[in-house]
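# Architecture at a glance
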Amino acid sequence: MHVEFLGVPRERAGVAELEVPAETLGQLLTTLAARIPSLRELIVMDRLHPAFVANLNGDQFVSDPSTPLAADDSVLILSADAGG
Amino acid sequence: MTFGYHGAYLRIDVSQGLVERVPLDEALLRQHIGGSGLGVRLLLDAGAAGMDPLSPEAPLVFAFSPLVGSPLTTSAKFAVVSKSPLTGRINDSLASSGFAVAGKRCGGDAIVIVGRAPELSVLIIDEGKVRLEPAGEHRGATCRATEAALKARLGADYRVASIGPAGEHLVRYATISHDGRHAGRGGSGAVLGAKNIKAIAVRGTQRVEWAHPLELTAMSRDLSKRSFGPATAKYRELGTATNLLTFNRFGALPTRNFQSGTFDEAVNLSPEEMSTTRSKTRESCVTCTIGCEHIYGIGNGSVRVEYESLFALGSLCGVGDADTVLRASQRCDELGLDTISTGGTIAFAMECVERGWLDEPWLTFGSGDALLRAIELIGSRHDLGDLLAEGSRRAAHAIGHDSIAIAPQVKGLEIPGYEPRALQTMALGFAVGARGADHNRSGAYEVDFSDKVDRRHVTLDAVRHAIETEDKAALMDSLILCKFLRGVFDDFHAETADMLRRVTGWDVTADELRETATRIVSAKRQFNLLAGWTPAEDTLPDRFLNTPLPNDAEASLSRERLDDLVNEYHRQRGW
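Going along each chain's sequence as written, the residues are numbered from 1 onward. The naming scheme follows written order: chains are lettered A onward, ligands numbered 1 onward. Reporting in this predicted model follows two pLDDT cut-offs: at least 70 for local features of residues, and 80 or more for side-chain atom pairs to be given and counted; totals over whole chains, interfaces and linings ignore these cut-offs and use all residues.

## Details of the overall build of chain B
Cut-off, in case you're wondering: A run of DSSP states H or I qualifies as a helix once it reaches four residues; a run of E qualifies as a strand once it reaches two. Both are numbered from the N-terminal end. Restricting the calculation to C-alpha atoms gives the radius of gyration, and the globule rule supplies 2.2 Å times the number of residues raised to the power 0.38. Burial is judged by counting other C-beta atoms within 10 Å of a residue's own C-beta: 20 or more means buried, 12 or fewer means exposed, and anything between counts as partly exposed, with every C-beta placed from the backbone. Whether two residues are in contact is decided by their C-beta atoms, placed from the backbone, lying within 7 Å.
A tally of helices and strands in chain B yields 23 helices and 17 strands. Taken over C-alpha atoms, the radius of gyration comes to 22 Å for chain B, in line with the 25 Å a tight globule of 575 residues would show. Of all 575 residues assigned to chain B, the portion counted as buried reaches 61%. Taking as baseline every contact in chain B between residues at least 6 positions apart, the subset at least 24 positions apart corresponds to 70%.

## Quick notes on the environment of Gly400(B)
Along the chain, the position of Gly400(B) falls in the loop between α17 (392-399) and β16 (409-410). Once the C-alpha coordinates of Gly400(B) and Ser260(B) are considered, the two residues, 140 residues apart in sequence, prove to be 23 Å apart.

## Some words on helix α2 (residues 25-35) of chain A
Applicable threshold: Arc, as used here, means the arc of the directions from the helix axis to the C-beta atoms.
Every buried residue of α2(A) is accounted for by Leu25(A), Leu28(A), Leu29(A) and Leu32(A). Seen from one end, α2(A) has its buried residues packed into an arc of 95°, which puts them on one side.

## Some details on the interface of chain A and chain B
Stated precisely, the cut-off is as follows: Asp, Glu, Lys and Arg are counted as charged, while Ala, Val, Leu, Ile, Met, Phe, Trp, Tyr, Cys and Pro are counted as nonpolar; the rest, among them Gly, fall into the polar class.
With 22 residues of chain A at the interface, the matching set in chain B holds 26 residues. By residue number, the principal contributor to the side of chain A that touches chain B is strand β6 (residues 60-62) of chain A, which donates three residues. Per-class residue counts for the side of chain A that touches chain B are 11 nonpolar, eight polar and three charged.

## Structural notes on the sheet that holds strand β1 (residues 8-13) of chain B
All names here are of chain B. Formally: If DSSP finds at least two bridges between two strands, the strands pair. The axes used here are C-alpha line fits, helices contributing only the stretch in contact, and every angle between their N-to-C directions lies in the interval 0 to 180 degrees.
Read across the open sheet, the six strands follow the order β2-β1-β6-β3-β4-β5; overall the sheet is mixed. Because the sheet does not close on itself, it has two edges, and the strands there are β2 (18-23) and β5 (90-96). Recorded for the sheet is a direction-independent mean angle of 20° between the axes of neighbouring strands. Relative to the sheet, helix α2 (residues 35-45) contacts β1, β3 (60-63), β4 (77-83), β5 and β6 (110-114), its axis offset from that of β4 by approximately 30°.

## With respect to the sheet that holds β6(A)
Residue and element names in this part refer to chain A. Strands sit in the order β2-β1-β7-β5-β6 across an open sheet of five strands; the sheet is mixed. Of all strands in the sheet, those bounded by a partner on one side alone are β2 (17-19) and β6. Put simply, the sheet's adjacent strands are angled 30° from each other on average, direction ignored. Where strand β1 (residues 2-5) lies against strand β7 (residues 74-79), four bridges are found, and the strand directions are parallel. Following the sheet pairing, His-2 is matched in β7 by Ser-74.

## Some remarks on the domain arrangement of chain B
Residue and element names in this part refer to chain B. Test applied: Note: domain ranges come from an automatic or database domain assignment.
When its domains are assigned, chain B resolves into domain 1 (8-203), domain 2 (227-414) and domain 3 (424-573). Computed from C-alpha coordinates alone, the two centres of domain 1 and domain 3 are separated by 26 Å. Taken together, the contact between domain 1 and domain 3 spans 35 residues of the former and 28 residues of the latter. At the level of secondary structure, the elements contributing two or more residues to the side of domain 1 that touches domain 3 comprise α1 (26-32), α2, β4 and β5. Broken down by element, the side of domain 1 that touches domain 3 gets its largest block of residues, eight residues, from α2. For the side of domain 1 that touches domain 3, a count of residues per class yields 12 nonpolar, 17 polar and six charged.

## Here we look at helix α23 (residues 559-573) of chain B
Helical geometry note: an α-helix holds 3.6 residues per turn, so side chains three or four residues apart project in the same direction. Residues and elements named next belong to chain B. The test is simple: Expected helix span is given by 1.5 Å per residue-to-residue step, counting one fewer step than there are residues.
For α23, spanning 15 residues, the distance from its first C-alpha to its last is 21 Å, which sits close to the expected 21 Å at 1.5 Å a residue. Where α23 is buried, its residues meet α18 (424-432) and α20 (461-479). A positive phi of about 80° marks Gly-574, the residue just after α23.

## Side note on the packing of α18(B) against α23(B)
All names here are of chain B. Operational definition: Crossings are sorted by hand: turned counterclockwise from the far helix by less than a right angle, the near helix makes the crossing left-handed, and turned clockwise it makes it right-handed.
Taken N-terminus to C-terminus, the directions of α18 and α23 make an angle of 65°; their axes are 10 Å apart at the nearest point. For the pair α18 and α23, the sense of crossing is right-handed. The residues of α23 that touch α18, namely those facing Ala-427, Leu-428, Ala-431 and Val-432, are Leu-562, Leu-565, Val-566 and Tyr-569. Of the residues contributing to the contact of α18 with α23, the split by class is eight nonpolar, no polar and no charged.

## Describing the pairing of β3(B)
All names here are of chain B. In β3, alternate side chains face the same way, and those of Leu-60 and Phe-62 on one face and Val-61 and Ala-63 on the other are all buried. Across four bridges, β3 lies against β6 in antiparallel orientation. Following the sheet pairing, Ala-63 is matched in β6 by Ala-110. The pairing of β3 with β4 spans three bridges and is classified as antiparallel.

## Section: the nonpolar core
All names here are of chain B. The criterion, for reference: Here a nonpolar core is just a set of buried residues of the types Ala, Val, Leu, Ile, Met, Phe, Trp, Tyr and Cys, joined wherever their C-beta atoms sit within 7 Å.
One finds Ala-110, Leu-244, Ala-427 and Leu-428 to be the most contacted residues of the largest nonpolar core, which totals 210 residues. At nine residues, the largest contribution of residues to this core is made by α20. With residues near it in sequence (within four places) discarded, Ala-110 still touches Tyr-9, Leu-38, Gly-39, Leu-42, Val-61, Phe-62, Ala-63 and Phe-64.

## Focus on the packing of helix α21 (residues 492-504) of chain B against helix α22 (residues 510-530) of chain B
All names here are of chain B. Counted only if it meets this: Should an angle lie under 35 degrees it is considered roughly parallel, over 145 roughly antiparallel, and from 65 to 115 roughly perpendicular; all remaining angles are considered oblique.
Where α21 meets α22, the axes come as close as 8 Å, and the angle between the chain directions of the two elements is 95°. Viewed along their axes, α21 and α22 adopt a mutual orientation that is roughly perpendicular. Side by side, α21 and α22 meet where His-493, Ala-494, Thr-496 and Ala-497 of the first sit next to Ala-510, Glu-512, Leu-513 and Arg-514 of the second. Looking at the contact of α21 with α22 residue by residue, the class counts come to four nonpolar, two polar and two charged.

## Brief notes about the confidence of the model for chain B
Low-pLDDT stretches of the model should not have their predicted coordinates read in fine detail. The condition is simple: Scored from 0 to 100, pLDDT reflects the predictor's confidence in each residue.
When pLDDT is averaged along chain B, the result is 96, and 100% of the positions lie at 70 or above. Predicted as a complex, the structure gets a pTM of 0.97 and an ipTM equal to 0.95.

## A few points about the environment of Glu515(B)
Residue and element names in this part refer to chain B. Mapped onto the elements, Glu-515 comes out in helix α22. The exposure class assigned to Glu-515 is partly exposed, which follows from the 13 C-beta atoms found within 10 Å. Along the backbone, Glu-515 and Glu-137 are 378 residues apart, and their C-alpha atoms lie at a distance of 48 Å.

## Some thoughts on the pairing of β7(A)
All names here are of chain A. In terms of burial, β7 is largely enclosed, as five of its six residues are buried. Sheet topology note: the strand β5 (residues 52-56)/β7 ladder contains five bridges and is antiparallel. The residue bridging Ala-54 from the neighbouring strand is Ile-77, located in β7.

Here it is, written out as structure tokens:
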């Protein structure tokens, strides 16, 4: 499934987007942490650090690691703090 | 002894150049803390709600806090509080850095200015003594030039807050600037300009004592260390401009006077793009360990720029050229103009031209030349600038044609860079905000960017979250701590209660601080009621109601749903 990074996560990942196989949000995050070491500060076990959020398909924001993901889903990872 | 405080404020009548030291009761200080809370209280006690904000008797308050002068990161801040000449409602704007520390060392927990100087003047406050000096040589000078000239003449130990030409011309959204940062929103620069004060220079050595200095120092070290973590990464690494591509991705980037939520040229204005095409440096306020200020090089120098300026002078006006938008932001800084209100009013005028309601054919969306020309006209109140200097609401009433429906404002304060239909908890925050549409007094956008709500279909569940962010903001603005620090706390109320205890010695609890926050928000509401607020003000312009965004049919907010949210807000507030 498709992962898109915005802001600081994009800077840390070094890419804007990539494809990652995952069946749940938690699995996706642990895979990302394993694959891209520079993202490890943003990922705690199978969850994002509270300063970051994940959004599913541009619609809902999700945080539960057990959130199921379909092969054609798109997950956006961005800063939680929209202040400025 | 009252630890953390002087226990008094300085009341300065610039009509006569006289200063009076007015005691402050410890109970009052504990109930309102400092900053915004103290400022609003002082204004209420002075009967300011019923005054013309540009009249000599209208007070202008510079309020410090018990944390100012401490080693706590981000604590060097001050609030500028008055009745707004733009909205006619309470206005509390914050700015940072050395002026806060030096101002408090003049011997007062606040400086309250009343009167009108006989001629354009510099107000000098030296260890609590005041004098006025003619400022004719600074007339028309930029904020930065004024500050530099005064420091060169008076001495490097002075700190200066000044207005630019916009404040001298009483532009209703003129700022007060210190060290390149602005008490931006609501027109406090016009209030100071109406008092014939070009600048305030402060110098002092009177420090306060802390109740538990060793504990405070330990807490400061810990807080500084935590301020370097993931919670502040966005501000350190990319700055608030990070919002640009994120909001564009979610259809929440206000474009062409809120006609759309996406801007095709957004990438040109993003920090990711700009940092590859020009120089960039970072700076921070005094005592701050975050360093959120990103300064970009442009042809004739450099400019510190935030997301709000990039949106307001960029996508909102349809301008996608980075050099133009940076130059526009720089020019606003020099003239002393709030970039959000400047961009919002210009964008509104651009749409009025588009619709044939305003006969200024040069003022078109996407024209960088038009944007820069309009800024000059506003700063000097020449030609069309005289109308636009009044803000979008007053301009709409003058233009007619039901243009008020598209004037991007609430209570007269132009809407910041959050498209309300795509971020509907924020829409509520804008509608009910005491000083108008405001992203600093309501953090409701945090709720929209979370799993607590469906941002395009919020229900009444969103209301209590919006209230929590509003209360938290009121507390941070009164303590005073920078909001960019808020993600660092594990338990905000408990930790800041402990912080206040270490400074003041008071046995403050988390619950007491929650009550204090509610008290401060209620005080702002009380001020507005006395100033003439009616329930009809807690809403959004017609444009945002019953009309979805063109790029997102789901992003639609009905008048009925907004009314339900607002009514529920009032009910939960107990108003």
